[in-house]
Amino acid sequence: GENVEQHPSTLSVQEGDSAVIKCTYSDSASNYFPWYKQELGKGPQLIIDIRSNVGEKKDQRIAVTLNKTAKHFSLHITETQPEDSAVYFCAARLSGSARQLTFGSGTQLTVLP
Amino acid sequence: KAGVTQTPRYLIKTRGQQVTLSCSPISGHRSVSWYQQTPGQGLQFLFEYFSETQRNKGNFPGRFSGRQFSNSRSEMNVSTLELGDSALYLCASSLGGSEKLFFGSGTQLSVL
């Protein structure tokens, strides 16, 4: 099956700086890569996603890049704000596996004011 | 538009008991997926239902089961609870053929 590795496990940045979280996946048949943000006491919230036929996608301060050859994908958050502090999860979905996502282990992002 | 609703929010059970968790998807969403979240294993897929049919099942023992009703609401059941079943159980819904999952806040299950 699919395996997703996520780094780093913790990340602290100063407010206004950029944050980058990286994931690698094992199965080249994966074709959908979402990112989720989870705040304390809440369920994961979808913040951005990308399909395997796209190399990059941006939504305001958030961007995701995908390198299919290297099986890497990354989340970039620019101009970080204290409210960006949360746990971020990457995930991958194998083609044909409906809505079965394999998640990374999570990154605790802390934005220091 | 209301989000995914999970009840109850917290649950305490003892070993050997069984438990039923409930999930109401976003209005119009016909797919419901269940995930288990623990500090050690992270987020793991349990199963997915679409139009009352189980479409996919993760690598969990048969003690974990689920069902979906005609109004798309879903329940999952865990029988003969073990200490290791203590976890946050998350339900997610999605619209038709969409890949996007929208999660509820979960049910925190503690097994004593």
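Here, the structure is the one placed above.
Before going into details, it helps to say that this report is about the structure given with it.

Rules and cut-offs
- Residues numbered from 1 in each chain as written.
- Chains lettered and ligands numbered in written order.
- Predicted model: local features only at pLDDT ≥ 70, side-chain atom pairs only at ≥ 80, totals over all residues.
- Heavy atoms only, no water.
- Helix = DSSP H or I, 4+ residues; strand = E, 2+ residues; numbered from the N terminus.
- Rg over C-alpha atoms; globule rule 2.2 N^0.38 Å.
- Buried < 20%, exposed > 50% of the residue type's maximum accessible area, 1.4 Å probe, protein only.
- Contact = heavy atoms within 4.5 Å.
- Buried area = accessible area lost by both parts, 1.4 Å probe.
- Salt bridge = Lys/Arg side-chain N within 4 Å of Asp/Glu carboxyl O.
- Pairing = 2+ DSSP bridges.
- Axes fitted to C-alpha atoms, helices over the stretch in contact; angles between N-to-C directions.
- Disulfide = S-S within 2.5 Å.
- Core = buried A, V, L, I, M, F, W, Y, C linked by side-chain atoms within 4.5 Å.

## Concerning the overall build of chain B
Counting its secondary structure elements, chain B contains 0 helices and 11 strands. Put simply, chain B runs from its N terminus to its C terminus through helices and strands in the order β-β-β-β-β-β-β-β-β-β-β. For 112 residues, the compact-globule formula gives about 13 Å, and the C-alpha radius of gyration of chain B, at 13 Å, lands near that figure. Seen through its C-alpha atoms, chain B measures out along the principal axes to roughly 40 × 25 × 25 Å. With 112 residues in all, chain B has 49% of them scored as buried.

## What about the interface of chain A and chain B?
Contacts between the two partners involve 18 residues from chain A and, on the opposite side, 22 residues from chain B. Across the interface of chain A and chain B, roughly 1700 Å² is buried in total on both sides, 48% from carbon and sulfur atoms. When the buried surface of chain A facing chain B is broken down by residue, Arg 99, Gln 100 and Phe 103 of chain A rank first, second and third, together holding 40% of it. Inspection of the region where chain A meets chain B yields 4 salt bridges.

## A closer look at the sheet that holds strand S8 (residues 74-78) of chain B
The strands that make up a sheet pair up through hydrogen bonds in the backbone, lying either parallel or antiparallel. Residues and elements named next belong to chain B. An order of S1-S3-S8-S7 is seen for the 4 strands of this open sheet, with the pairing classed as antiparallel. Sheet topology places strand S1 (5-7) and strand S7 (64-68) at the edges, where each strand pairs with a single neighbour. Each adjacent strand pair in this sheet contributes to an overall mean axis angle of 20°, direction not counted. Of the strand pairs in this sheet, strand S3 (residues 19-24) and S8 are connected by 5 bridges, and their pairing is antiparallel.

## Observations regarding the pattern of salt bridges
Throughout the structure, instances matching the rule amount to 12 salt bridges over all chains. Note that Lys 42 of chain A and Glu 39 of chain A form a salt bridge whose closest N and O atoms lie 3.5 Å from each other. Glu 48 of chain B is the partner of Arg 99 of chain A in a salt bridge, and the nearest nitrogen-oxygen pair spans 2.6 Å. Here the residue Arg 99 of chain A occupies a position in the loop between strand S9 (86-94) and strand S10 (101-103), and Glu 48 of chain B occupies one in strand S5 (residues 42-50), the pair thus bridging two chains. By relative accessible area, which is 4% here, Arg 99 of chain A ends up buried. What emerges from the salt-bridge pattern is a single network uniting Lys 37, Glu 39 and Lys 42 of chain A.

## Comments concerning the state of the cysteines
Evaluated as defined, the whole model comprises 2 disulfides over all chains. Linked covalently through their sulfurs, Cys 23 of chain A and Cys 90 of chain A form a disulfide whose S-S length is 1.9 Å. Between Cys 23 of chain A and Cys 90 of chain A, the disulfide has an S-S torsion of -100° and is therefore left-handed. Of the two residues, Cys 23 of chain A sits in strand S3 (residues 19-25) while Cys 90 of chain A sits in strand S9, which places them 67 residues apart along the sequence. Disulfide pairing is shown between Cys 23 of chain B and Cys 91 of chain B; the S-S distance is 1.8 Å. Of note, the bridge from Cys 23 of chain B to Cys 91 of chain B carries an S-S torsion of about -55° and is left-handed in sense. Taken together, the residues span a long stretch of sequence, with Cys 23 of chain B in strand S3 and Cys 91 of chain B in strand S9 (residues 87-94) at a distance of 68 residues. For the residue pair Cys 23 of chain B and Cys 91 of chain B, the accessibility class agrees, reading buried in each case.

## Notes on the nonpolar core
Ranked by internal contacts, the top residues of the largest apolar core, which has 24 residues, are Trp 35, Phe 73, Leu 75, Tyr 88 and Leu 109 of chain A. Sorting the residues of this core by element identifies strand S2 (10-14), S3, strand S4 (30-38), strand S5 (45-51), strand S7 (62-67), strand S8 (72-77), S9 and strand S11 (107-112) of chain A as the ones contributing at least two each. Filtering out sequence-adjacent residues up to four positions away, Leu 75 of chain A remains in contact with Ala 19, Val 20, Ile 21, Trp 35, Ile 47, Ile 48, Ile 62, Ala 63 and Tyr 88 of chain A. Counting residues in hydrophobic clusters, the runner-up holds 21 residues, among them Leu 11, Phe 47, Phe 64 and Met 76 of chain B.

## Brief notes about the sheet that holds strand S6 (residues 56-59) of chain A
All names here are of chain A. Strand order in the open sheet formed by 5 strands is S1-S3-S8-S7-S6, with antiparallel pairing between adjacent strands. Single-partner strands in this sheet number two, and they are strand S1 (4-7) and S6. On average, adjacent strands in this sheet sit at an angle of 15° to one another, irrespective of strand direction. Note: S1 against S3, 4 bridges, orientation antiparallel. Along S3, the bridge assignment pairs Val 4 with Tyr 25.

Keep in mind these values describe shape, not function.
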